[in-house]
Amino acid sequence: MKIVSRFQPPPKTGATAEFEYEGASITAPQGISLAAALLAHSGAYTRQTAGGDARAAFCMMGVCFECLVEVDGLPNTQACMTEVRQGMVVRRQIGLRRLNGCNDS
Amino acid sequence: MSAAITAADGGLRVLLLDEQAQPGGQIYRNVGARLATHSWLGKDYASGLRLLDALAQSGVTVQSGATVWRVDSGPRVVWSQNGISQVTTASHILLASGAQERPVPFPGWTLPGVMTAGAAQILMKTAGMLPKDAVLAGSGPLLYLVAAQMIDAGCPPKALVETQTPRMMLRAFPHLPKALLSAGTLLKGLRLIGKIRAAGVRRYKGASSFAATSDDSGMINFSFRSKGRLENLTCAVLLTHQGVILSTHMSRAAGITHEWNAAQVAFQPSCDIWGATDRPGLHVAGDGAGIGGAEAACAAGTLAALDILRASGHISANTRNQRAATARATLFRTRAIRPFLDAAYAPPAEILSPPDQTIICRCEDVTARAIRQGMSEGAAGHRQIKSSLRAGMGPCQGRMCDSTVRGILSAGNTSRMGDIAPPRARTPIKPITFGEMAALTTHSEDTA
Ligand SMILES: Cc1cc2nc3c(=O)[nH]c(=O)nc-3n(C[C@H](O)[C@H](O)[C@H](O)COP(=O)(O)OP(=O)(O)OC[C@H]3O[C@@H](n4cnc5c(N)ncnc54)[C@H](O)[C@@H]3O)c2cc1C
Ligand code: FES
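Residues numbered from 1 in each chain as written. Chains lettered and ligands numbered in written order. Predicted model: local features only at pLDDT ≥ 70, side-chain atom pairs only at ≥ 80, totals over all residues. Heavy atoms only, no water.

Caption draft 1: Layout of the overall build of chain A. Across its full length, chain A carries 1 helix and 7 strands. Counting helices and strands in the order they occur from the N terminus, chain A gives β-β-α-β-β-β-β-β. Within the span of chain A, comprising 105 residues, buried residues form 54% of the whole. Looking at chain A alone, contacts between residues at least 24 apart form 47% of all its contacts between residues at least 6 apart. (Helix = DSSP H or I, 4+ residues; strand = E, 2+ residues; numbered from the N terminus. Buried < 20%, exposed > 50% of the residue type's maximum accessible area, 1.4 Å probe, protein only. Contact = heavy atoms within 4.5 Å.)

If you want it as structure tokens, here you go:
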């Protein structure tokens, strides 16, 4: 079942950027964060934990890491700290990609 | 920002590193973009523009999108921007990492559709996006502020579910005379509550036993108890908030001594009135040194910058003291209301030490039950919980679970929480890749 966005769409003013998310093409105002654009697109999850739990952006300020997605093949990207860019290819992050050098201490 | 401006005006070369895409911090987030000059964000928000103008004229080098991931005595910082890390040494470093919202864990808080009230405010400020059909739950000034901003924007919350109890208000009452020194802030608060009343938003008080589930369409079913009754609300977004806590990863990683602030139920870096710490060359200021709000943060930044100007020989101690008068008065006045606010909006025990089935560490899916099990097997501190259960080892590095792990270890008893030493913050304090670490380029600057 499609889960509709939990937010009213951002106002349509100024330049936009078009990007791909899970095969869909999304248009968003330039300057907004990728996490905001994904929340405007759908109310569904954008990440799955190692245990299979569905998660989506939670804090929007860079502290919770629930907004992790894959951008242009790069996993562990914080969508709330990344601005939308024309042509970016975004995928859900499934499972936890181990972060090099920081969490296996 | 105010510290950088003061320091630059005093003749220092200043580098300002901020992780956000634009200067402004939490409160004045995105204030520079025309997109966000929505009138419903209020006068206070717009006043950030003045600060931004002053910053632009100050000669401060501003690096946005720049994440500091290491601070050493020396002092030096290592920071990352667009996937490239650099080292900057300076004679003085001011850490002003601000605050984050206190995690509000309950069964179901990890579901898509449950977010923080601050997150909704950030979406309003940066993207002009308003939540549809939202319930606000928890307590604290920001909860009321977000409710009022939503009302002004034409999308009032469906309900306000408040954890505040009459007992908390009674405990806050003795602090009221002192709080009157910040009468302006008190009045602002009363006006917000007046607005929420006038808008006819349904309010549930003394709420407890939060739980959320979601159905196939993604709608959130939020249940809680209020006045002895079990209540159920269905909404698209559940926005929770239970006050803010300091961000101390940077100050802890820098080796600064921290002390327990019982009223705010959080650790804070130890410092003098100028923000000077026990680490040479390192000052702290703003909410990251103790929650005080935006005006206090601005004043504390000015004081720290004046002290740095003195320490670097640009002004005498006498001049520093004279120039500090206004900022010190502001700090005194703005801090006067904190004991009242801290007592009135104290986090309830079940948020500090939630029921067994609640996920505590969101990164590693560790439940309260697992942590209690760990305790029964002898774990008594953050380190043992971390090494046996991985709680706090994920990408957020404990930002979402440290405070709850501490709450569970002390069974929700705030008077015991201060005895549990804060966990070590390891470098890098924000995750970066090995490749980036290896490619570290070094350059040095004489900055404050
Ligand atoms: C979500 C949220 C919303 C708020 N909304 C309001 C409001 O509407 N009205 C109000 O009066 N008060 C609000 N507050 C409180 C207010 O933001 C603070 O009192 C005030 O911003 C404190 O200023 P500061 O400079 O100490 O911290 P901040 O304004 O938080 O600034 C800290 C800065 O440090 C940066 N930073 C942190 N860590 C790093 C790092 N490792 N590397 C690089 N940069 C880093 C952050 O990006 C941020 O820009 C809010 C607080 C939060 C958490
Ligand atoms: S939403 Fe919390 S880090 Fe991005």
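Caption draft 2: Region of interest: the environment of B:Arg406. All names here are of chain B. Residue placement: Arg406 occurs in helix 17 (residues 402–409). On the basis of relative accessible area, Arg406 is assigned to the buried category, the value being 7%. Arg406 has contacts with Trp260, Phe267, His382, Met417, Ile420, Pro422 and Pro423, leaving out every residue within four places of it along the chain.

Caption draft 3: The sheet that holds strand 12 (residues 208–214) of chain B, seen in detail. All names here are of chain B. Here we have 3 strands laid out as an open sheet, ordered 12-13-14, and antiparallel in their pairing. Whereas interior strands pair on both sides, the edge strands pair on one side only; in this sheet they are strand 12 and strand 14 (229–235). The sheet shows a mean angle of 20° between the axes of neighbouring strands, taken without regard to direction. (Pairing = 2+ DSSP bridges. Axes fitted to C-alpha atoms, helices over the stretch in contact; angles between N-to-C directions.)

Caption draft 4: Expanded view of the side chain of B:Glu162. Residues and elements named next belong to chain B. Note on placement: Glu162 falls in strand 10 (residues 159–162). Of the polar contacts made by the side chain of Glu162, one reaches the side chain of Tyr144; its length is 2.7 Å. Setting aside residues up to four positions removed in sequence, Glu162 forms contacts with Gly138, Tyr144, Arg203, Tyr204, Lys205, Gly206 and Ala207. (Polar contact = N/O pair within 3.5 Å; in protein donor to acceptor, adjacent residues only side chain to side chain.)

Caption draft 5: View of the packing of aromatic side chains. Under the counting rule described, the total for this entry stands at 8 aromatic pairs over all chains. A centroid spacing of 4.9 Å and a plane angle of 65° characterise the contact between B:Trp260 and B:Phe267, whose relative ring orientation is edge-to-face. One aromatic cluster in this structure is built from B:Phe106, B:Tyr204, B:Phe210, B:Phe222 and B:Phe224. A cation over an aromatic ring shows up here: B:Arg362 above the ring of A:Phe58, its NZ or CZ 3.9 Å from the ring centre. (Phe/Tyr/Trp six-rings, centres within 6.5 Å; stacked < 30°, edge-to-face > 60°. Lys NZ or Arg CZ within 6 Å of the ring centre and 35° of its normal.)

Caption draft 6: Main features of the environment of B:Leu282. All names here are of chain B. With respect to the element layout, Leu282 can be found in strand 19 (residues 282–284). You can call Leu282 buried: its relative accessible area is 1%. In contact with Leu282, other than residues within four places in its own chain, are Val71, Pro75, Ile93, Ala254, Ile256, Gly275, Ala276 and Thr277.

Caption draft 7: Quick peek at the site of ligand 1. All names here are of chain B. In the neighbourhood of ligand 1, 26 residues make up the surrounding shell, with Asp18, Gln26, Val68, Gln121 and Asp287 lying closest. Here Asp18 contributes a side-chain N or O atom positioned 2.8 Å from an oxygen atom of ligand 1. In the model, an oxygen atom of ligand 1 is placed 3.2 Å from a nitrogen or oxygen of the Gln20 side chain. Of all the secondary structure elements, the ones that give two or more residues to the shell around ligand 1 are strand 3 (66–72), helix 4 (117–127), helix 5 (141–152) and helix 10 (294–311). Counting contributing residues per domain, the shell around ligand 1 is built from domain 1 (2–97 + 246–315) and domain 2 (103–242), each supplying no fewer than three. (Near = heavy atom within 4 Å. Domains from an automatic or database assignment.)

Caption draft 8: Just helix 17 of chain B, in detail. Counted residue by residue, helix 17 of chain B has 8 buried out of 8 residues, so it is predominantly covered. Among the residues trailing helix 17 of chain B, B:Ala411 stands out with phi positive, at a value near 50°.

Caption draft 9: Layout of the nonpolar core. With 104 residues, the main nonpolar core has A:Phe19, A:Leu34, A:Met60, B:Leu136, B:Val161, B:Leu238 and B:Leu239 as its most contacted residues. Here this core gathers at least three residues from each of two domains, domain 2 (103–242) and domain 3 (354–409) of chain B. Apart from residues no more than four positions distant in its own chain, B:Leu238 is found in contact with B:Phe106, B:Gly113, B:Val114, B:Met115, B:Val135, B:Ala137, B:Ala212, B:Ile220 and B:Phe222. Judged by nonpolar contacts, the second largest core, of 30 residues, contains B:Val14, B:Leu306, B:Ile315 and B:Ala327. (Core = buried A, V, L, I, M, F, W, Y, C linked by side-chain atoms within 4.5 Å.)

Caption draft 10: Just the interface of chain A and chain B, in detail. Listed as interface residues are 45 residues of chain A and, on the opposing side, 52 residues of chain B. Together chain A and chain B conceal approximately 4,100 Å² of surface at their shared face, both sides included; 63% is due to carbon and sulfur atoms. Area buried by chain A at its contact with chain B is led by A:Arg6, A:Phe7 and A:Phe58, which between them contribute 20% of it. In this assembly, chain A and chain B are joined by 2 salt bridges. A salt bridge links B:Arg362 to A:Glu66; the shortest N-O distance between them is 2.6 Å. Our count for the chain A to chain B interface comes out at 12 residue pairs in polar contact (both at pLDDT 80 or more). Where the side of chain A that touches chain B is concerned, the elements lending two or more residues are helix 1 (34–41) and strand 4 (54–55) of chain A. For the side of chain A that touches chain B, the element with the highest residue contribution is helix 1 of chain A, accounting for 3 residues. Per-class residue counts for the side of chain A that touches chain B are 26 nonpolar, 11 polar and 8 charged. (Buried area = accessible area lost by both parts, 1.4 Å probe. Salt bridge = Lys/Arg side-chain N within 4 Å of Asp/Glu carboxyl O. Nonpolar A, V, L, I, M, F, W, Y, C, P; charged D, E, K, R; others polar.)

Caption draft 11: The sheet that holds strand 10 of chain B, seen in detail. Residue and element names in this part refer to chain B. Spatial strand order, 8-15-9-10-11: 5 strands in an open sheet with parallel pairing. Two strands bound the open sheet, and with one partner strand each, they are strand 8 (114–116) and strand 11 (202–204). Neighbouring strand axes in the sheet, compared pairwise and without regard to direction, differ in orientation by 20° on average. Two elements, strand 9 (residues 134–139) and strand 15 (residues 237–242), share 6 bridges in a ladder whose sense is parallel. Note on strand 15: the bridge partner recorded for Ser139 is Gln242.

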